[in-house]
Amino acid sequence: MANTAYARQHIGLYLRHFRVNGYDSSIRTQTGLGAALGLDQKRVSNIECGYDEPSLKVAAEWCRLTGWYEGWDLITHIYGLDPFGFVPVDPALNQSVSDALHNLRRQLKQALDTVEQLIEEEPAVSLAIRRGSYKPSQETKHHEKQVADLIPAVKTYFYSLEREKRSEMKEIGYMWNLEALTEQVAMPRIDQLGLAAAIK
């Protein structure tokens with residue numbers, strides 16, 4: 001498993017913090033959260049004390065129920081489930097829609113400027129790749145990082161919207177999914193991938 005910024009053995013301690021500081025007061029006790037998760041109080045205690053590692057499904061549901069979206073990001077980081085391996089954003093930065101919007105605007109402007117530069121460089125990069133002589137420079141990597149900055153900025157915006165009860169991420173996700181399926185930009189079903197022969 002790749003190195004992460006957070007120790008896997010501390011998952012239980014993070015989950016305890018999420019429960020005690022949960023956004024839903026009815027599940028701030030081990031018994032209340034356990035009932036919502038379908039676990040008994042002893043199992044919740046064992047997970048929090050690090051005696052029992054939760055499944056990914058339990059950990060994800062724990063984070064959802066307590067309102068700690070950053071916890072989902074933490075779990076995906078620890079287990080290497082995010083292709084980028086991003087660490088979660090400090091929850092203190094995910095509380096204000098206004099602050100999140102200003103940050104998102106700044107990140108969008110920087111990313112747009114960077115994308116323009118990358119587009120200008122693309123013909124030379126494509127030529128170097130065809131010749132087998134391409135090696136990304138530190139400047140190029142910095143440009144790519146500027147574009148990647150949008151991902152946590154967008155999450156911050158939606159986390160803060162959810163916390164201020166101004167929107168629901170699941171509803172936005174449903175709308176996006178419906179549009180993606182309708183416009184055929186979603187991943188095709190397995191029978192549409194042309195992999196049936198390889199599976200047999």
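Here the structure is a predicted model, which means the values were calculated and not measured.

Novice: Lay out the packing of aromatic side chains in plain terms, naming residues and giving numbers.
Specialist: Counted by the stated rule, this structure contains eight aromatic pairs. Relative to Phe18, the ring of Tyr14 has its centre 6.4 Å away and its plane inclined at 40 degrees; by these criteria the two rings are tilted. Of the two residues, Tyr14 and Phe18 both sit in helix 1 (residues 11–20), four residues apart, roughly one turn of that helix. A relative accessible area of 29% means that Tyr14 is categorised as partly exposed. Taking the relative accessible area as the measure of exposure, Phe18 reaches 5% and is therefore buried.

Novice: I'd like a description of unusual backbone geometry, backed by residues and values.
Specialist: Look at Lys165: it is not a glycine, yet its phi comes out positive at around 55 degrees. Examined against the element boundaries, Lys165 turns out to sit in the loop between helix 8 (150–163) and helix 9 (169–182). Looking at Lys165, the relative accessible area reads 73%, which means it is exposed. In the Ramachandran plot, Gln184 falls in the positive-phi region, its phi being about 55 degrees despite a non-glycine side chain. With respect to the helices, strands and loops of the structure, Gln184 is situated in the loop between helix 9 and helix 10 (196–199). According to the relative accessible area criterion, Gln184 is exposed, its value standing at 73%.

Basis of the calculations
Residues numbered from 1 in each chain as written. Predicted model: local features only at pLDDT ≥ 70, side-chain atom pairs only at ≥ 80, totals over all residues. Heavy atoms only, no water. Phe/Tyr/Trp six-rings, centres within 6.5 Å; stacked < 30°, edge-to-face > 60°. Helix = DSSP H or I, 4+ residues; strand = E, 2+ residues; numbered from the N terminus. Buried < 20%, exposed > 50% of the residue type's maximum accessible area, 1.4 Å probe, protein only.

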